[in-house]
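The chain contents come next:
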Amino acid sequence: MKLIKLLSLLFVITGFTLLSNPSAYAQANGNGGNVGIGAMLGEPTGISVKVWNNSNNAFDAGVAWSFGDNDALHLHADYLLHKWFSDIDQGALAFYYGIGGRLAFSDPDSEIGIRVPFGLNYIIPDSQIDLFVEAVPILNLAPDTDFDGNGAVGIRYYF
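As a starting point, this report considers the structure included with it.

Here is what the cut-offs are and how they apply
- Residues numbered from 1 in each chain as written.
- Predicted model: local features only at pLDDT ≥ 70, side-chain atom pairs only at ≥ 80, totals over all residues.
- Heavy atoms only, no water.
- Pairing = 2+ DSSP bridges.
- Helix = DSSP H or I, 4+ residues; strand = E, 2+ residues; numbered from the N terminus.
- Buried < 20%, exposed > 50% of the residue type's maximum accessible area, 1.4 Å probe, protein only.

Points about the pairing of strand E9 (residues 146-158)
The side chains of a regular strand alternate, residue by residue, between the two faces of the sheet. The sheet contact formed by strand E1 (residues 35-43) and E9 spans eight bridges and is antiparallel. In the strand pairing of E9, Met40 is matched with Gly154. In this structure, strand E8 (residues 129-142) lies alongside E9, joined through twelve bridges in antiparallel fashion. Of the residues in E9, the one forming a bridge with Pro137 is Gly149.

Next comes the structure, spelled out in structure tokens:
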């Protein structure tokens, strides 16, 4: 249980560090800022935050609730790489992939795992909004080693 508390503290510190990063670049399309906050619907459902470092990489984090077999509070953070499609007429579309971590607090056992997210990110033209869809294979490391998965669609507003 001490490990889970320590990892939770690290997630909170990382989140505040990302949100206070004054050297981060503006969002990939130049509209809005580099910090986006919104909602994700899926497994789990909750709040999504994305912080762009430059036009090709970003950090994202989520606080969400799982409505699956075991109700659980999920915390995750990922480092993402983006590959932009050049033949999009309006807006900007990128395939992204990355790696991160997840904590799932449930009764009786909480889980710690490694996330490998991949998805599509679409930035709506002349707006401060992006839409995304992602699938996330997860390798749980504790309390047991097994595979899991998450998936979501979402929207974020950049400021």
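Back to the write-up after that little detour.
Regarding unusual backbone geometry
Most of the time, phi is negative for any residue but glycine, and the peptide bond is trans. Here Glu43 and Pro44 are connected by a cis peptide whose omega angle stands at 5°. As for its position among the elements, Pro44 is in the loop between E1 and strand E2 (45-52). The omega angle of the peptide bond from Asp107 to Pro108 is 15°, so this bond is cis rather than trans. Along the chain, the position of Pro108 falls in the loop between strand E5 (92-106) and strand E6 (111-115). Unusually for a residue other than glycine, Asp126 sits at a positive phi of about 55°. With respect to the secondary-structure elements, Asp126 resides in the loop between strand E7 (118-123) and E8. The class for Asp126 is exposed, based on a relative accessible area of 77%.

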